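# Per-entry structural report
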Amino acid sequence: MNKYIVISLICLSCLLTACGYENFYKGNHSRNVSGAAVSDGGISSVEREGTQQMQTADYWIDKTVAPDKILMSKEEIEKFNQKMTQQLSSDTKAGYYNLESYGQSVDGVLLSNLITRTDFKKGSYYLAAKPVTTARWNEYYDNRNMEAIGNFNKISYGIICSRADVRELPTSDEITNRPDRQGHDVLQNTALAVNEPILILLTSKDHAWYFIVANEYAGWIKKETVGICENKEKWEEAQQMEQFLLVTADRTRTEKAPAPAGKVSESEFTMGTRLEIADGDECKKTFGTSEISHSYVVRVPMRRENGGLDYQLALIPKGRDVHEGYLEYTRANILRQSFKMLGNTYQWGGKNGGRDCSSLTRDVYLCFGIRLPRNSSAQAMTPGKSVLDIRKLSDKEKTAKLNSTEPGAILQMSGHVMIYLGCVEKKYYVISANGSPLAGHVMVNELSEKSAGTEKTWLSRLETIVGIW
């Protein structure tokens, strides 16, 4: 063969590989060495395959380089969490807290600043489509019980026993910033899953709410959602589970069971929740046998009548989507976990048991033991050598960065985060909890999509690529 033809073919091969088109060159279902997903050789139209194949994790996993490669070991993840806690807890913009750094009490000025960080009286807000009155605002603000704050305020230690909404003010009233925007509750910060550790810093005037600090947020939660530990040692002990069952489904429930397990039967848990696996003696005491072959026996935290923390055993069938311990941190598992939420309704701040964009990414990464911050802007502050600031790049330069970005990375733009899937026919795809509170849901879409009310594409608005590996 003519040497010039050979050289040309080699150059063409290198060019196709560098641009993420190795599948086109090598044939269907081969691995793409650039890490970006590409189209199958025999398919020329995104529309023909997009509505079906693209809606599955396997479609994207099959196009990912080394999808089952372990990205970080358990020890490396633990060190990463420590680094993230150290770095982000010192930055007030991150809203990320190091609970272990608190002593037996909290300074009154610090507590007051935490509680009063947002003043809603300066804006226009609505309750049931009508403006919130000054009298109503005064009720909310008075219920914070600020006069009870002293120079030093004793800390109590709690464990979340049922999913808890974290609120800016001690009220369940839904407050919106537009009369026609039901669902976008400006008082809703986040939602805490069962077994999350918290610090209790203050009780509301009506004794129905606690002001708390969690790893990912500070705010008000209903007292009924938390069990209080006897002391800090018991609180730390509650978090140290030698064996635990991880909820890897979008959500799952314990089995319906007679007394005494009936108290926590049919309890629901969301993705990323850890439940301690009971030992044989506990099983025998509750169920009359030291071993139950068809189900996991888990210890579910519950609140006693006096507010203290207690536990009740419950059953989760072994056929459920659960896992003993954390999942291996691989790109395939990131994608699988993400697609388990496909089609879920968008819920601002995790209200009504749902998720918004940043709680989706947080819950996915929790399955590997990685504790991300709660908000999209804070997730962009995640430390790591694979975190890229691309705000000043052109669209062409951003696509060049995406061509070398691995599926499973988090993409962030102002107000939104997504999980990157890959590139098909020069179009870049993500999965995210997307859209307005009224009509949004978890979906797959491409970055050429324009943001509502603007002419800017998601690609042009991209600010950060967060690769945690």
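The structure displayed is predicted, hence computed values, not measured ones.

## As for the pattern of salt bridges
Applying the stated rule across the entire model yields 27 salt bridges. A salt bridge links Arg253 to Glu268, with the shortest nitrogen-to-oxygen separation between them at 3.8 Å. Taken together, the residues Arg253 in strand E14 (residues 251–253) and Glu268 in strand E15 (residues 268–270) connect sequence positions 15 residues apart. According to the relative accessible area criterion, Glu268 is partly exposed, its value standing at 37%. The residue Arg304 makes a salt bridge to Asp310 at a minimum N-O spacing of 3.6 Å. Connected through salt bridges with shared partners, the residues Glu216, Asp250, Arg251, Arg253, Glu268, Arg355, Arg362 and Asp363 form a single ionic network.

## Concerning the pairing of strand E21 (residues 410–413)
With burial as the criterion, each face of E21 is covered, one bearing Ile410 and Gln412 and the other bearing Leu411 and Met413. Note: E21 against strand E22 (residues 416–424), four bridges, orientation antiparallel. Bridged to Met413 within E22 is His416. Following E21, the chain reverses through two residues before pairing antiparallel with E22; Gly415 in that reversal takes a positive phi of roughly 85°. Across four bridges, the pairing between E21 and strand E25 (residues 462–466) is antiparallel. Bridging across to E25, Leu411 finds its partner in Ile465.

## With respect to the environment of Leu199
Mapped onto the fold, Leu199 is located in strand E9 (residues 197–203). Here the alpha-carbon distance between Leu199 and Ala218, two residues 19 residues apart in the chain, equals 9.3 Å.

## Notes on helix H8 (residues 232–239)
Within an α-helix, residues lying three or four positions from one another point in the same direction, as the helix has 3.6 residues per turn. Taken residue by residue, H8 has Lys232, Trp235 and Ala238 as its buried positions. For H8, the angular spread of buried residues about the axis comes to 120°, placing them on one side. For H8, the exposed residues set more than 90 degrees away from the buried face come down to Glu233 and Glu237. Taken together, the buried residues of H8 touch strand E5 (156–160), E9 and strand E18 (309–317).

## What about the nonpolar core?
If you look at the biggest cluster of nonpolar residues, it comprises 46 residues, and the most contacted ones within it are Trp60, Tyr329, Val364, Tyr365, Ile370 and Ile468. Going through the elements one at a time, helix H4 (57–61), helix H5 (74–88), strand E13 (244–247), helix H10 (331–339), helix H11 (357–366), E22, strand E23 (427–434) and strand E24 (441–446) are the ones with two or more residues in this core. Apart from residues lying up to four places away in sequence, Val364 is in contact with Met271, Ile334, Gln337, Ser338, Met341 and Ile419. The next biggest cluster of nonpolar side chains, apart from the first, holds 24 residues, and it includes Tyr97, Ile115, Phe211 and Val213.

## Re the sheet that holds E24
One open sheet accounts for six strands, arranged E20-E25-E21-E22-E23-E24; its pairing is antiparallel. In this open sheet, the two strands that pair with only one neighbour each are strand E20 (387–389) and E24. Put simply, the sheet's adjacent strands are angled 30° from each other on average, direction ignored. One ladder, built from six bridges, connects E23 with E24; its direction is antiparallel. Paired with Val430 across the bridge in E24 is Asn445. Contacts from H11 reach E21, E22, E23 and E24 within the one sheet, and its direction differs from that of E22 by about 70°. Packing of helix H13 (residues 395–403) onto the sheet brings it into contact with E20, E21, E22, E23 and E25, and relative to E25 it is tilted by some 15°.

## Some thoughts on unusual backbone geometry
Despite not being glycine, Ala66 shows a phi value in the positive range, around 40°. Here Ala66 shows up in the loop between H4 and H5. Phi at Asn352 takes a positive value of approximately 60°, unusual for a residue other than glycine. Mapping Asn352 onto the fold places it in the loop between H10 and H11.

## Re the confidence of the model for the protein
Averaged over all residues, the pLDDT of the protein is 87; the fraction at 70 or higher stands at 87%. Taken together, the stretch residues 3–7 has pLDDT below 50 and engages in one contact with residues farther than four places along the chain or on a different chain.

## Details of the sheet that holds strand E16 (residues 274–277)
With antiparallel pairing, the five strands of this open sheet are ordered in space as E18-E17-E16-E13-E19. Both outer strands of the open sheet, E18 and strand E19 (322–324), are each paired with one neighbouring strand and no more. With direction set aside, neighbouring strand axes in the sheet form an average angle of 40°. Sheet topology note: the E16/strand E17 (residues 295–303) ladder contains two bridges and is antiparallel. Bridge assignment links Glu276 to a residue of E17, and that residue is Arg299.

## Quick look at the side chain of Thr85
Along the chain, Thr85 falls in helix H5. Discounting residues that sit within four places of it in the chain, Thr85 has contacts with Tyr96 and Asn98.

Basis of the calculations
- Residues numbered from 1 in each chain as written.
- Predicted model: local features only at pLDDT ≥ 70, side-chain atom pairs only at ≥ 80, totals over all residues.
- Heavy atoms only, no water.
- Salt bridge = Lys/Arg side-chain N within 4 Å of Asp/Glu carboxyl O.
- Helix = DSSP H or I, 4+ residues; strand = E, 2+ residues; numbered from the N terminus.
- Buried < 20%, exposed > 50% of the residue type's maximum accessible area, 1.4 Å probe, protein only.
- Pairing = 2+ DSSP bridges.
- Arc of directions from axis to C-beta.
- Contact = heavy atoms within 4.5 Å.
- Core = buried A, V, L, I, M, F, W, Y, C linked by side-chain atoms within 4.5 Å.
- Axes fitted to C-alpha atoms, helices over the stretch in contact; angles between N-to-C directions.
- pLDDT = per-residue confidence, 0-100.

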